[in-house]
Amino acid sequence: MRISEIHVYQKQLPIIGGPYTMSRITLHSIDSTIVKLVSDTGLVGWGEVAPLGPVYQPQHALGARAAIYEMAPALIGQSALAPLLLRRQMDALLTGHNYAKAAIDIALMDMIGKHHGLRVCDLLGGAETERLPAYYATGIGEPDEIARMSVDKVDEGYRRIQIKAGGRDVAIDIAVVHKVWESVGNRAQLVVDTNRGMTASQAMRLSLACRDIPFSFEQPCNTIDEIAAIRGQIPHPIIIDESTESLDDLLRIISMGICDGFGLKMTRLGGLNAMATVRDICAARSIPHTCEDNWGGDIVAAAVLHIGATVEPRLLEAVWTSGIYIEENYDPVNGIKVDGGHFQLPTGPGLGIVPQESQFGDALASFN
Ligand code: 0XW
Ligand code: MG
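One structure accompanies this document, and this report is about it. It should be emphasised that the depicted structure is a prediction, and the values quoted were computed from it without experimental measurement.

Cut-offs used in this document
- Residues numbered from 1 in each chain as written.
- Chains lettered and ligands numbered in written order.
- Predicted model: local features only at pLDDT ≥ 70, side-chain atom pairs only at ≥ 80, totals over all residues.
- Heavy atoms only, no water.
- Phe/Tyr/Trp six-rings, centres within 6.5 Å; stacked < 30°, edge-to-face > 60°.
- Helix = DSSP H or I, 4+ residues; strand = E, 2+ residues; numbered from the N terminus.
- Buried < 20%, exposed > 50% of the residue type's maximum accessible area, 1.4 Å probe, protein only.
- Lys NZ or Arg CZ within 6 Å of the ring centre and 35° of its normal.
- Donors = N, O, S within 2.8 Å, 3.2 Å for Na, K, Ca; no water.
- Pairing = 2+ DSSP bridges.
- Axes fitted to C-alpha atoms, helices over the stretch in contact; angles between N-to-C directions.

**Observations regarding the packing of aromatic side chains**
- Applying the stated rule across the entire model yields 13 aromatic pairs.
- Their ring planes at 70 degrees and their centres at 5.6 Å tell us that tyrosine 136 and tyrosine 158 sit as a pair that is edge-to-face. Here the residue tyrosine 136 occupies a position in strand β7 (residues 136-137), and tyrosine 158 occupies one in the loop between α5 (143-156) and β8 (160-164), the gap between them amounting to 22 residues. Here the two residues tyrosine 136 and tyrosine 158 agree in accessibility, since each one is buried.
- Pairwise contacts between aromatic rings join Tyr9, Trp46, Tyr330 and Phe360 into one cluster.
- It is arginine 160 that lies over the ring of tyrosine 135; its NZ or CZ is 4.7 Å from the centre.

Below, the structure written as structure tokens:
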């Protein structure tokens, strides 16, 4: 089986109940890039990548499409059954741009699954579970608002609450953490995520002011050197998210011994196969991690669930998808939905979702 066509679509995803707020950015809508691979046997594979705007990290929607356009012509005619070889071919065509390559990797795995009659999780080693724990990210807000939101989500069945912090007076963040702890207590695991938004001294101030509150501190500072500087001075376990832009970053962070877990975004790492490698390295060191992505519709969400299902349960922190902020599912029948704080793994071959192509409009570019 070989790749015979590549089509690229753009889908704007307005954020319902938005804006989505983090320490450095406020988002009202997300620009998603969707890739459709067609094989010479008539099979279709779907991929997607939806960066969190041009500021969150060195990834953006126009860059994703430009990178795919750069590689697509040479991918026509390549084997559609060899994801490692295709990755190497993409690396030989374009250096970096993991997030763009991820969209093609996801589409290829969807197609391979359909070819063999297997789910993507089966291709990645097998599913430990059909029902995955979700986590809820609160956004930046005031103490009473975030505490009330957290209680509501725990009542819904979430067992991990990520409190957004940073980008403002640390005293307010400290008040939010205390209020959420008073309201939620041990009913849920608490994470405070600054998305690189604090200086080392601000992060230390928050941690020490909340020393008796059990939470994991996610990406407290911008760089791993700043995080390393506070590592031994604060009582809270550290999760690193944005600093893991590559497998090499992850190996360096592990060798520095500066974190107790990772927030892993599948497209940032390069896609499903890259994430499976990271999964196995984390397992070798018993390092827990999430399975998530920036944003995206049912295609990215299904991909995240499939890799998440293959993680050892003791190491899967939780899964996050942006579905609760998106108006409609790409697949009205098998679309990804969170229920009672958990996701159900799709059952169909490949990703297990069948997008309504009419939602994507005309292709921006096609290659054959
Ligand atoms: C909570 N998320 C997965 C959603 C946004 O993509 C940011 C991210 C995070 O943990 O930073
Ligand atoms: Mg994070």
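Following the structure, the description resumes.
**What to know about the coordination of the magnesium ion (ligand 2)**
- The magnesium ion (ligand 2) binds to the protein through Asp193 (OD), Glu218 (OE) and Asp241 (OD), with metal-donor distances spanning 2.0 to 2.3 Å.
- Every donor residue of the magnesium ion (ligand 2) comes from the same chain, spaced as D-x24-E-x22-D. Highlighted residues: aspartate 193 in strand β9 (residues 189-193) and glutamate 218 in strand β10 (residues 215-218), separated in sequence by 25 residues.
- By relative accessible area, glutamate 218 is classed as buried at 1%.

**What about the sheet that holds strand β6 (residues 131-133)?**
- Pairing is antiparallel across the open sheet formed by three strands, whose spatial order is β6-β16-β15. The strands lining the two open edges of the sheet, one partner per strand, are β6 and β15 (338-339).
- Judged from the two bridges that link them, β15 and strand β16 (residues 342-344) form a sheet pairing that is antiparallel. The residue of β16 that forms the bridge with valine 338 is phenylalanine 343.

**Considering the sheet that holds strand β4 (residues 29-39)**
- Strands sit in the order β5-β4-β1-β17 across an open sheet of four strands; the sheet is antiparallel. Looking at strand neighbours, the two that pair on one side only are β5 (44-49) and β17 (365-367), the edges of this open sheet. Put simply, the sheet's adjacent strands are angled 20 degrees from each other on average, direction ignored.
- The pairing of strand β1 (residues 3-14) with β17 spans three bridges and is antiparallel. In the strand pairing of β17, valine 8 is matched with alanine 365.

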